[in-house]
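Structural overview
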Amino acid sequence: MSSALTDLFPHPIVQAPMAGGVSVPRLAAAVSEAGGLGFLAAGYKTADGMYQEIKQLRGLTGRPFGVNLFMPQPDHADPAAVEVYAHQLAGEATWYDTELGDPDSGRDDGYDAKLAVLLDNPVPVVSFHFGVPSSDALESLRRAGTFTLVTATTPEEALAAQYAGADAVIAQGVEAGGHQGTHRDLPEQDGSGLGLLSLVTQVRETVALPIVAAGGIMRGSQIAAVLAAGASAAQLGTAFLAAHESGAHDVHKQALTNPLYVRTELTRAFSGRPARGLVNRFLREHGPYAPAAYPEVHHLTAPLRKAAAKAGDAQGMALWAGQGHRLARELPAGQLVEILAAELEAARTALSGKGELR
């Protein structure tokens, strides 16, 4: 198996690129400095905003890091369904004293402009979510010295990434917090995602690419499990969401271990695409009626989510979290990497028979 990815960082620990202001430069820098792979999320930013964060990150660390891009989405949303959902959300707009957003605010997330920046100013790693980039784009990044990863939620998606020329695949299990990185948004498949260990095993037997395992991982022993299943590294999001350097709202961080939030659920309520979050009032009331319309619903609810966060109202926020959220630890990110690495080593020792299995 290629070591081109894991040679970039001492510990097989990748900080997930969490869009929406969580994966700020100081978080990515702290993870990379501690021996993991820090990531910036370019999603929902302008190309210049992404570039400025890359410059800031480079000022904080000389170690390798990654940048994540959202793939442009096909125009398949039903405008009538979006309009009906907007009417349903009118009461939320009144409650938070704000206007609903414009659902037609753009579909491509500035993809071409961001890709151009990353070709002109190469970074060590680039990953892609919501689809597979063209073979030309992947080859251009490779020529620029960039290692590429593509998120896959099925073995078939992993195969598509391999055919396109990706260097590695991120196998995202259904346990993962935030958006599922499915290549096609098919409502009839909602809730049918594969669990991480099953997915990693199937992907391992389908493609010859290195695998980064993602979904619900919060402890070093879980990292050991996915490595044993065939992954080269593990990607953790929720675990780093609670870190001191995370850009997540304090209310969001506190909600991860608040006994008021007993479970997570995949929902289209906030964005129109399946994403896992803590079950709160907004998710319960609107999730069953949200249409399959991304990014239209994302744009529509953006002012509501912003207003709820400003008011410190967790019941109206998108509290993205994986299934392991109750295991979150509020620590400096560098310390968390060190603890995860120590837990991983302990688990490996125990599994090798050199230590006592507890």
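Refer to the structure printed above.
What this report covers is the structure whose coordinates are included nearby.

Parameters and conventions
- Residues numbered from 1 in each chain as written.
- Predicted model: local features only at pLDDT ≥ 70, side-chain atom pairs only at ≥ 80, totals over all residues.
- Heavy atoms only, no water.
- Helix = DSSP H or I, 4+ residues; strand = E, 2+ residues; numbered from the N terminus.
- Rg over C-alpha atoms; globule rule 2.2 N^0.38 Å.
- Buried < 20%, exposed > 50% of the residue type's maximum accessible area, 1.4 Å probe, protein only.
- Areas by Shrake-Rupley, 256 points an atom, 1.4 Å probe, with all protein chains shown as cover.
- Lys, Arg positive; Asp, Glu negative; His and termini not counted.
- Charge placed at Lys NZ, Arg CZ, Asp CG, Glu CD.
- Arc of directions from axis to C-beta.
- Contact = heavy atoms within 4.5 Å.
- Expected span 1.5 Å × (residues − 1).
- Bend = angle between axes of the 7 residues up to and from the residue.
- Core = buried A, V, L, I, M, F, W, Y, C linked by side-chain atoms within 4.5 Å.
- Pairing = 2+ DSSP bridges.
- Axes fitted to C-alpha atoms, helices over the stretch in contact; angles between N-to-C directions.
- Parallel < 35°, antiparallel > 145°, perpendicular 65-115°, else oblique.
- Left-handed = near helix turned anticlockwise from the far one by under 90°.
- Right-handed = clockwise from strand over helix to strand, strands pointing away.

1. What about the overall build of the protein?
When helices and strands are tallied, the protein shows 14 helices and 11 strands. On C-alpha atoms alone, the protein measures out to a radius of gyration of 19 Å, which is about the 21 Å that the 2.2 N^0.38 rule sets for 358 residues. A principal-axis box enclosing the C-alpha atoms of the protein has dimensions of 60 × 45 × 40 Å. Taken across its 358 residues, the protein has 57% of its residues classed as buried. With an accessible surface of roughly 14600 Å², the protein has 52% of that area assigned to carbon and sulfur atoms. Side chains of the protein carry 27 positive and 37 negative charges; the gap between the two charge centres is 6 Å.

2. So, helix H5 (residues 111-120)
In an α-helix, one turn spans 3.6 residues; hence positions three or four apart end up facing the same way. Taken together, the buried positions of H5 are occupied by Tyr111, Lys114, Leu115, Val117 and Leu118. Relative to the axis of H5, the buried residues are bounded by an arc of 155° and lie together on one face. With respect to the buried face of H5, the exposed residues turned more than 90 degrees away are Asp112 and Asp120. Where H5 is buried, its residues contact helix H2 (47-60), strand S3 (65-70), strand S4 (125-129) and helix H6 (135-143).

3. What to know about helix H13 (residues 296-310)
In this model, H13 (15 residues) spans 22 Å end to end at C-alpha, consistent with the 21 Å of a helix rising 1.5 Å per residue. Along H13, the sharpest kink reaches roughly 40°, centred on alanine 302 and followed within four residues by the proline proline 303. Directly beyond the C-terminal end of H13, a positive phi value near 70° is found at glycine 312.

4. What to know about the nonpolar core
One finds Ile13, Ile223, Leu236 and Phe240 to be the most contacted residues of the largest nonpolar core, which totals 58 residues. In terms of residue count, the dominant contributor to this core is helix H14 (residues 333-351) (7 residues). Residues contacting phenylalanine 240, with those up to four places away along its chain left out, are Ile13, Val14, Gln15, Met18, Leu27, Val31, Ser246, Ala333, Leu336, Val337 and Leu340.

5. Digging into the sheet that holds strand S10 (residues 264-267)
If you trace the 3 strands from one edge of the open sheet to the other, you get S7-S11-S10, paired in antiparallel fashion. At either end of the open sheet lies a strand with only one pairing partner, and these are strand S7 (178-179) and S10. Relative to strand S11 (residues 275-278), S10 runs antiparallel, the two sharing 4 bridges. Residue pairing across strands places threonine 264 opposite leucine 278, the latter belonging to S11.

6. Focus on the sheet that holds S3
With parallel pairing, 8 strands are arranged side by side in an open sheet as S1-S9-S8-S6-S5-S4-S3-S2. On the outer flanks of this sheet lie strand S1 (13-15) and strand S2 (38-41), each paired with one strand and no other. If you compare each strand with its neighbour and ignore which way they point, the axes differ by 25° on average. Two strands pair when backbone bridges link them, and S1 and strand S9 (residues 233-236) are joined in this way by 3 bridges, in the parallel orientation. The residue of S9 that forms the bridge with isoleucine 13 is alanine 234. Docked against the sheet, helix H8 (residues 196-204) engages strand S5 (147-152), strand S6 (168-172) and strand S8 (211-214), running at close to 165° with respect to S8.

7. A look at the packing of helix H3 (residues 79-88) against H13
Two elements in contact, H3 and H13, have axes whose closest approach is 11 Å; the angle formed by their N-to-C orientations is 20°. Taken together, the axes of H3 and H13 are roughly parallel relative to one another. For the crossing formed where H3 meets H13, the hand is right-handed. Between H3 and H13, the contacting residues are Val82, Tyr85 and Ala86 on the first element and Glu296, Val297 and Leu300 on the second.

8. Side note on the pairing of S3
Burial analysis of S3 places 6 of its 6 residues in the buried class, which makes it a mostly covered element. Side chains Phe65, Val67 and Leu69 project from S3 onto one buried face, and the interleaved Gly66, Asn68 and Phe70 project onto a second face that is buried too. The handedness of the S2 to S3 crossover, carried by H2, is right-handed. Both S3 and S4 contribute to a ladder of 5 bridges, which runs parallel. The residue of S4 that forms the bridge with phenylalanine 70 is histidine 129.

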